[in-house]
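Here is how the chains run, residue by residue.
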Amino acid sequence: MVGGTACRDRARQHTVASVPAQTAQPAQPAQPAQPAHGAGSAAPPLHLAHWGRFSVDVRGGDVASVHPWAGDSEPPALQNNLVGSLRHPCRVARPAVRRGWWEQGPGPDDRRGAQDFLQPPWDEVLDAVAAELRRVIDQHGNQAIYGGSYGWASAGRFHHAPNQLHRFLHLLGGFTGSVNSYSTGAAEVILPRVIGSEDVFGGEATSWGVIAEHTELLVCFGGLSARTAAIDWGGTGDHPVSRAVTALTARGGRIVSLSPLRDDLAGARDDPEAPVRWLPISPGTDVTVLLAIAWVLHTDGLADRQFLARYCLGYEPFATYLQGEVDGVPKTPAWAAAISGVPAADIEALAHALARHRSMLAMSWSLQRSQYGEQAPWLGAVIAAMLGQLGLPGGGFTHGYGSMNKVGQRGSPWPLPTLSPGVNRVRTRIPVAAISDLLLAPGSSLSYAGTELTLPDVRLVYWAGGNPFHHHQDLFRLRRAFNRPDTIVVHDPYWTSTARHADVVFPSTVSLERDDLGGSRHGGHLVAMRALASPYEQARDDYDMFSALAQRLGVAEAFTEGRTAQDWVRQLYQEWAALIAARFPDDVTPATFDRFWGDGSQVLPRQPETIALAAFRADPQAHPRPTPSGLIEITSDAIAALRLPDCPGHPTWLDPQERLGTVRAATYPLLLLANQPGSRFHSQFDFGPLSAASKIAGREPLRMHPADAAARGLVSGTLVRVFNDRGALLAGVLIDDAVRPEVVQLATGAWFDPVPGTDSGGPGLCAHGNPNVLTPDIRTSSLAQACAGAHALVQVEAYDGEPPPLRCQRPPELA
C-alpha cells in the first residue's frame, strides 16, 4: 500500500536526494524479498507507487531514506512518508478478531470500532472466515456479500488487493459490487451521454505538448493543482505539467484560474495583467459563471453557429434557457456575479477573450464532486462547442487537467499485464458513494442512470486495499452503517479506521515486501517491483490469504491454477509480452522476463501528441461521438425523458444546499473545502514524516483567511472546533490569504479518530481533523448518484479546555 501526491509549498523543505541512473543488474527470476540495501551498497532497484518511481535504503528492516528516479524532473516530496513505515506501531502484526464477534458470533453490533481485539492463530481465523462466507452464501445468497472494496491499494498489477478479492469472490459465486468512483462519479455518467466517455477526456485529452505550443488562453475552473497532478493509478513517471505551463506563458499565453484557493495554480495572482491570473470564486457556483459566459457568447453573436449546426444537437432549447425565457432569469454576468463573487466585468471580458483567442477550457474533477456536479463538465463541453474550437490544436475542452498525471500525458498504445478477475454472476451493483444507503436501508430503491435499483440485504462486507472511512462522507453515519452487517472482514497493513471497525483484520504486506510488476499507460515504463524488505511480523500477501481461504472452500485449484505469487508475476509478464509481439509486430519486442527483471523496467512506447476530437471535427459521420445521436448533445433527449428534477435535459443552475448565501449559511457561515492533501496521498501514510510535519499539535491544519480569523479572535496555531449539525472536529488554524474570504480549507486523509461517547446523543467529535465528519452524505443527483463531498457549511470557534488524546495512530487494545 504505497501512494502519494505533491506537497504544499510549506512542506517542500523536506527535500529528497537524487539518485544516479540505475545500472543493469544480473537477470534473475522473481523471488522472495532481496537483502536490505544499506549505506555503501550498490544502488538498490527502483520500486513504483502511484506517485512515481523511487528507490529506498532499508536498514534494520525499515525504510531509512527514499530517493526519486533520476528521470523525474519534479518528484513529489511526499515519498518521504515511506521512512519508518515498515515497522511503524500502526502495522497489523497478526490476525486480529473483535472480541464480541469471536465470542458471541456474527450479527449487527454497535460496539464495532470501540471493542478490543483478540489474536487467535492464523488457521483458526481462516477457518472462521471460511465458515462465515459459506454460512452467508448458503443462507442469504451471494448478493448478501458486498465486495466492492473501493480503494487505490498498491500500484502492482498482480498484488492489487481489490482485484485479488474480486477473483476470489467470483469463484464462490459472486458478490454485490460497485460502479464509478468517488473522484469522477458524476462525469462518468454525464459525459458519455453528451460528448464522450470520461476515459476519453481523461486519458486521451489534448496533450500538454499541444497546449504548450498552440493554446493562447487556458481557463481553469478549479485550478491546475500540483497536488493532484502528481499521481496516476498504477504508477507514474515524469511530472510535466509545470513545464507545459511555463512554456505556454513564456510565448505570451495566459492562464486564468477560477478557484477559492490562489495556490490551486502555482504563481497565480489577483491581477488582471498577470500572465497567470486568479479569479476568486465562491465554491459551488462555477455553473453560474459558465452560464454567464454562454449568455455573453450567445447575446454578443460570438457563438459559432456553423459548428453548432454541424456537430451539435439541441442548442436552441439551451439558448432559450440562457435568455431567461424558461424561468424568468436571464443568465447575465450581473446575475452570476451576485452568486459567485466574480465581478460581472471580469466574466464578460473572459467570455470575449475566450472567443478572441485559441482557448482551452479546463475543468477540474473537483467541480463535479458537489451537489448537481453533472452540470459543470456538461457546460464545459457546451461552451467549447459554442466557441467552435473543439478538435483544433490547443482549443476546446478537457476534464481533468491537474486532477491526475495521466490527463494530458501521451499514453502508450500497449495494454498492460492484467490478472483477470473472472466473471461476477451477481448482477447487483450500487453507485460506489451509496455504501451507507446500502447497509442502512436494505430493500429500498435507488434511482441511478435511468434505472431503479433495489438495495440487497448485505450480511457480510469484505474490504481489501481501501479505506471507506477516508473516501466517504458523514463518517458518523457510515459508522452506524458499519454496525449493521453480521460480519466485516478487512485486509490491511495498518490499523486504519476501517480496520478498527472490522470484525476480522488480516495483516497484509505492503508493496515493498513483495515482488510484483507495475505501471500505467501514461507512465512510460512497466516496472519490476522487487521486494526490498521482509514481511512484517506475521503479515502475508493478499494472494496467500485468499489461497488459504480458497483451499478451505474448495476453489483453490481454480484460484491459484497451481502457481505461487512469484509464478504469477512471471506468467503475467510472459503472456503480456506474447500479446504485444502479436498485436504490434512492427514495435520493439518486449524483453524476456529474466531480462526485464534484471534491468528493472520495460520502456512503453508513447502515442503521438493528441488533439481531442480532431477526427470528429474532420468527419463527424465517419467518427461520431459515442452519444445516442453521435453528436455533442447540448440538450439530451434521453436525460430530458427521465424528468429528473435534479438533472434536467440541458445544463441548468440548481442551487446546492452547501453554498454561501443560503439560509443554511446564516447558521454555518463558512464554506469548508475538503480537498486532496499535499502532505500524503489520500489517507495513505498519514503517520509519515511529511504528513506529521504538516500538522499543528498533531491535528490537521485548517487554512483560513486573515479576516475570518480576526473576526473570531484566532491566530495561527490556535486549536479550534469546526462543526455543523453532522459532526465536529479539532484542527489547528493556519492563517493564509491564499484562501478566499468566508472559505476554510481542510484536506482529506487525516485518520478518523472519533472521541468515545461523543456521538451517542448527537453529532460526534473527531479529535484528529477528518473533514468527512462534516461533509454531507448526499449524491450529485438521481442520475449519477455520485459523491458530493467537496463542500460543507461550517462554523469555527476556539476550543477551550484540554483536548482529547489522539488514538488513531496507535493500535487498538489487543488481548
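Residues numbered from 1 in each chain as written. Predicted model: local features only at pLDDT ≥ 70, side-chain atom pairs only at ≥ 80, totals over all residues. Heavy atoms only, no water.

K.L.:
Sorry, what's going on with the sheet that holds strand β12 (residues 359-363) here?
P.N.:
Ordered by their spatial adjacency, five strands build an open sheet running β10-β9-β8-β12-β13, and the pairing between neighbours is parallel. Two strands in the sheet have a free side with no partner beyond their single neighbour: β10 (276-280) and β13 (396-399). Strand-to-strand twist across the sheet, computed as the mean angle between neighbouring axes with direction ignored, equals 15°. When strand β8 (residues 217-221) meets β12, the two strands line up parallel, connected through five bridges. If you follow Phe221 over to β12, its bridge partner there is Met363. Helix α8 (residues 286-299) rests against β8, β9 (254-259) and β12 of the sheet, and its axis sits at about 145° to β8. (Pairing = 2+ DSSP bridges. Helix = DSSP H or I, 4+ residues; strand = E, 2+ residues; numbered from the N terminus. Axes fitted to C-alpha atoms, helices over the stretch in contact; angles between N-to-C directions. Contact = heavy atoms within 4.5 Å.)

K.L.:
Even after reading the chapter, I still don't get the pattern of salt bridges, so can you show me in this structure?
P.N.:
As a working rule, side chains carrying opposite charge can pair if their charged atoms are close by. Overall, the coordinates contain 44 salt bridges when judged by the stated rule. Through salt bridges that share partners, Glu132, Arg135, Asp457, Arg459, Arg484 and Asp486 make up one connected network. (Salt bridge = Lys/Arg side-chain N within 4 Å of Asp/Glu carboxyl O.)

K.L.:
How should the packing of α8 against helix α11 (residues 333-340) be read in this particular structure?
P.N.:
What describes two packed helices is the angle between their axes and the distance between those same axes. It is at 8 Å that the axes of α8 and α11 come closest, and there the two elements cross at 170°. It follows from the interaxial angle that α8 and α11 lie roughly antiparallel. Contacts between α8 and α11 pair Thr288, Val289, Leu291, Ala292, Trp295 and Val296 from the former with Pro333, Trp335, Ala336, Ile339 and Ser340 from the latter. Considering only residue class, the contact of α8 with α11 consists of nine nonpolar, two polar and no charged. (Parallel < 35°, antiparallel > 145°, perpendicular 65-115°, else oblique. Nonpolar A, V, L, I, M, F, W, Y, C, P; charged D, E, K, R; others polar.)

K.L.:
Looking at this structure, how should I read the pairing of strand β27 (residues 727-735)?
P.N.:
Side-chain direction in a regular strand flips from residue to residue, so the side chains alternate between the two faces of the sheet. With eight of nine residues buried, β27 is to be regarded as a mostly interior element. Pairing of strand β25 (residues 701-704) with β27 involves four bridges; the strand directions are parallel. Of the residues in β27, the one forming a bridge with Leu702 is Val733. Pairing analysis gives five bridges linking strand β26 (residues 719-723) to β27, with the strands arranged antiparallel. Across the sheet, the residue bridging to Phe723 is Ala728, located in β27. Between β26 and β27, which pair antiparallel one after the other, the connecting turn spans three residues. As defined by bridge partners, β27 adjoins strand β29 (residues 764-766) across three bridges and the pair is classed as parallel. Bridge pairing links Leu729 to Cys766 in β29. (Buried < 20%, exposed > 50% of the residue type's maximum accessible area, 1.4 Å probe, protein only.)

K.L.:
Looking at this structure, I do not really get the packing of aromatic side chains. What am I missing?
P.N.:
Given two aromatic rings, their pairing is described by the distance between the two centres and the angle made by the two planes. Applying the stated criterion to the full structure yields 32 aromatic pairs. Their ring planes at 55° and their centres at 5.9 Å tell us that Tyr146 and Trp463 sit as a pair that is tilted. In this pair, Tyr146 sits in strand β6 (residues 145-146) while Trp463 sits in strand β17 (residues 460-464), placing the two residues 317 residues apart along the sequence. Considered together, Tyr146 and Trp463 belong to a single accessibility category, that of buried residues. Taking the centre distance of 5.8 Å and the plane angle of 10° together, the rings of Phe469 and Phe752 count as stacked. One end of the pair, Phe469, is in helix α15 (residues 468-471); the other, Phe752, is in the loop between β28 (743-745) and β29, and 283 residues separate them in sequence. (Phe/Tyr/Trp six-rings, centres within 6.5 Å; stacked < 30°, edge-to-face > 60°.)

Nothing here speaks to function; it is all geometry.
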